[in-house]
Amino acid sequence: MLTDTDSARYCARLGLETLPPATPEGLAQLQSAQLGALPFEGIEPFLGITPSLDPADIADKILHRGRGGYCYELNTLFGAALARAGFDARRALARVLQRDPDPGARSHLAWIVRIGGSRWLADTGFGGPGARTPIEIRPGEQTAANGTYRMTRNETLGEDVLERLTPDGWQKLYSFDGASVTDAEVEAANYVAATWRNSVFPWNLMAAGFDGATRIGVFNRSLTEETPDAVTRRDITDTADLGQVLGRIGLNAGPTVLEQVWQRLEHPAPVPA
């Protein structure tokens with residue numbers, strides 16, 4: 001739940017005068033604004049820390065200290081904003097399919113928002129090529145602010161599948177259902193994502209966000225910059241360079257954390273067999 005102070009700070013960081021109305025247009029405005037202003041980052045799991053999901057801790061980290069978060073933090077904050085704005089929203093735990101098409105653990109948190117007779121997938125915490133605006137949960141292609149998406153159905157799992165059109169064809173991103181999700185399930189999923197040997201977060205630095213129209217992605221020392229016209233890649237050279245890159249997406253990590261991250265990058269821990 002957002003306090004009055006945190007709600008005002010949330011809107012200020014997103015560049016909004018107030019929370020938008022509980023309409024499809026308002027939902028799109030809120031999701032796009034948060035994705036544009038609040039960076040995705042998995043620094044805590046990379047440093048061996050399980051992020052706190054206490055709403056006060058999330059508000060302090062993201063709204064007061066200028067940090068970002070990963071899906072459990074960003075979408076928990078987003079959910080608090082949805083509730084305060086009057087949206088009918090429920091959580092969804094999803095299976096990420098982007099790297100492995102075989103169904104795995106439910107390791108991603110998103111939201112299903114009902115407006116009138118329609119349901120929308122709303123997500124501010126997918127660090128990959130997720131949609132910048134909500135996707136209606138229905139068959140057929142849909143155009144978002146950053147690409148073409150569609151919903152398909154995995155009848156074996158009883159889950160809807162979010163896919164994105166790429167130059168190589170349709171890419172599955174993640175699948176989800178409409179089952180209710182408890183606080184305990186989110187807490188358990190957060191712990192697994194931050195500590196499990198098969199999770200990507202404990203072994204890799206990941207961050208993503210926007211510098212104007214440029215999408216910036218960090219995977220360990222690799223920097224990718226994507227504009228509407230081109231994609232460029234280079235290596236991050238040192239701590240100062242890392243700090244500048246993260247600063248471009250609005251992530252204020254601080255010198256101590258940056259040094260810890262760089263030391264981990266230079267001396268990576270082996271992934272357990």
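Above this text you will find the structure in question.
We now turn to the structure provided with this report. The model shown is predicted, which means the values in this text are computed figures rather than measured ones.

Right, let's get into the sheet that holds strand E5 (residues 135-136). Hydrogen bonds between backbone groups are what pair the strands of a sheet, and the pairing can be parallel or antiparallel. Strands sit in the order E5-E4-E3-E2-E9-E8-E7-E6 across an open sheet of eight strands; the sheet is antiparallel. Here the strands that pair on one side only, and so sit at the sheet edges, are E5 and strand E6 (140-144). With two bridges joining them, strand E2 (residues 88-96) and strand E9 (residues 169-176) adopt antiparallel strand pairing. What sits directly across from valine 96, in E9, is tyrosine 174. Sheet strands touched by helix H2 (residues 24-37): strand E3 (106-115) and strand E4 (118-122). Its angle to E4, the strand with the most contacts, is close to 5 degrees. The strands touched by helix H5 (residues 71-85) within the sheet are E2, E3 and E4, with E3 carrying the most contacts at an inclination of about 15 degrees.

A few words on unusual backbone geometry. A negative phi holds for most residues other than glycine; trans holds for most peptide bonds. You will see that asparagine 220, though not glycine, has its phi angle at about 55 degrees, which is positive. Within the element layout of this structure, asparagine 220 appears in the loop between strand E11 (214-219) and strand E12 (222-226).

This brings us to the environment of proline 202. In this fold, proline 202 is placed in the loop between helix H6 (183-195) and strand E10 (206-211). Setting aside anything within four residues of it in sequence, one finds proline 202 in contact with Pro45, Phe46, Ala193, Ala194, Thr195, Trp196 and Arg264.

Bringing the packing of aromatic side chains into the picture now. One pass over the full model with this rule turns up five aromatic pairs. Ring geometry for tyrosine 70 against tyrosine 72: centres 5.4 Å apart, planes inclined by 70 degrees, an arrangement best described as edge-to-face. With respect to class, tyrosine 70 is no different from tyrosine 72; both count as buried. Judged by centre distance (5.1 Å) and plane angle (65 degrees), the ring pair of phenylalanine 126 and tyrosine 174 falls under edge-to-face.

Moving on to the side chain of glutamine 34. Positionally, glutamine 34 belongs in helix H2. Judged by its relative accessible area of 1%, glutamine 34 falls in the buried class. Excluding residues that lie within four positions of it along the chain, glutamine 34 makes contacts with Tyr10, Leu14, Leu74, Phe78 and Thr124.

The next subject is the packing of helix H1 (residues 4-14) against H5. It is at 11 Å that the axes of H1 and H5 come closest, and there the two elements cross at 105 degrees. Here H1 lies roughly perpendicular to H5, going by the angle between them. Contacts from Asp4, Ser7 and Tyr10 of H1 reach H5 at Leu77, Phe78, Ala81 and Arg84. Residues belonging to the contact of H1 with H5 are distributed by class as follows: four nonpolar, one polar and two charged.

Below, the discussion takes up the pairing of E4. As judged from the five bridges shared by E3 and E4, these two strands associate in the antiparallel manner. Note that in E4 the partner of isoleucine 112 across the bridge is leucine 121. Between E3 and the antiparallel strand that follows it, E4, lie two residues; glycine 116 among them carries a positive phi value of about 65 degrees. Pairing geometry for E4 and E5, over two bridges, is antiparallel. Paired with leucine 121 across the strands is isoleucine 135, a residue of E5.

Core analysis: the largest hydrophobic core is formed by 43 residues, its most contacted members being Tyr10, Leu27, Leu30 and Tyr72. Elements with a contribution of two residues or more to this core: H1, H2, helix H4 (55-64), H5, E3, E4, H6 and E10. When residues of this core are assigned to their parent elements, the largest contribution, nine residues, is made by H5. For tyrosine 72, the contacting residues outside a window of four places in its chain are Leu53, Ile58, Leu93, Arg106, Ser107, His108, Leu109, Val186, Ala189, Asn190 and Ala193. Listed in part, the 19 residues of the second largest apolar core include Val218, Ile249, Ala253 and Val257.

Our focus in this paragraph is the pairing of E6. With five bridges connecting them, E6 and strand E7 (residues 147-154) associate as antiparallel partners. Looking at E7, one finds that glutamate 141 is bridged to arginine 150. The loop that links E6 with its antiparallel partner E7 comprises two residues.

Criteria and cut-off values
Residues numbered from 1 in each chain as written. Predicted model: local features only at pLDDT ≥ 70, side-chain atom pairs only at ≥ 80, totals over all residues. Heavy atoms only, no water. Pairing = 2+ DSSP bridges. Helix = DSSP H or I, 4+ residues; strand = E, 2+ residues; numbered from the N terminus. Contact = heavy atoms within 4.5 Å. Axes fitted to C-alpha atoms, helices over the stretch in contact; angles between N-to-C directions. Phe/Tyr/Trp six-rings, centres within 6.5 Å; stacked < 30°, edge-to-face > 60°. Buried < 20%, exposed > 50% of the residue type's maximum accessible area, 1.4 Å probe, protein only. Parallel < 35°, antiparallel > 145°, perpendicular 65-115°, else oblique. Nonpolar A, V, L, I, M, F, W, Y, C, P; charged D, E, K, R; others polar. Core = buried A, V, L, I, M, F, W, Y, C linked by side-chain atoms within 4.5 Å.

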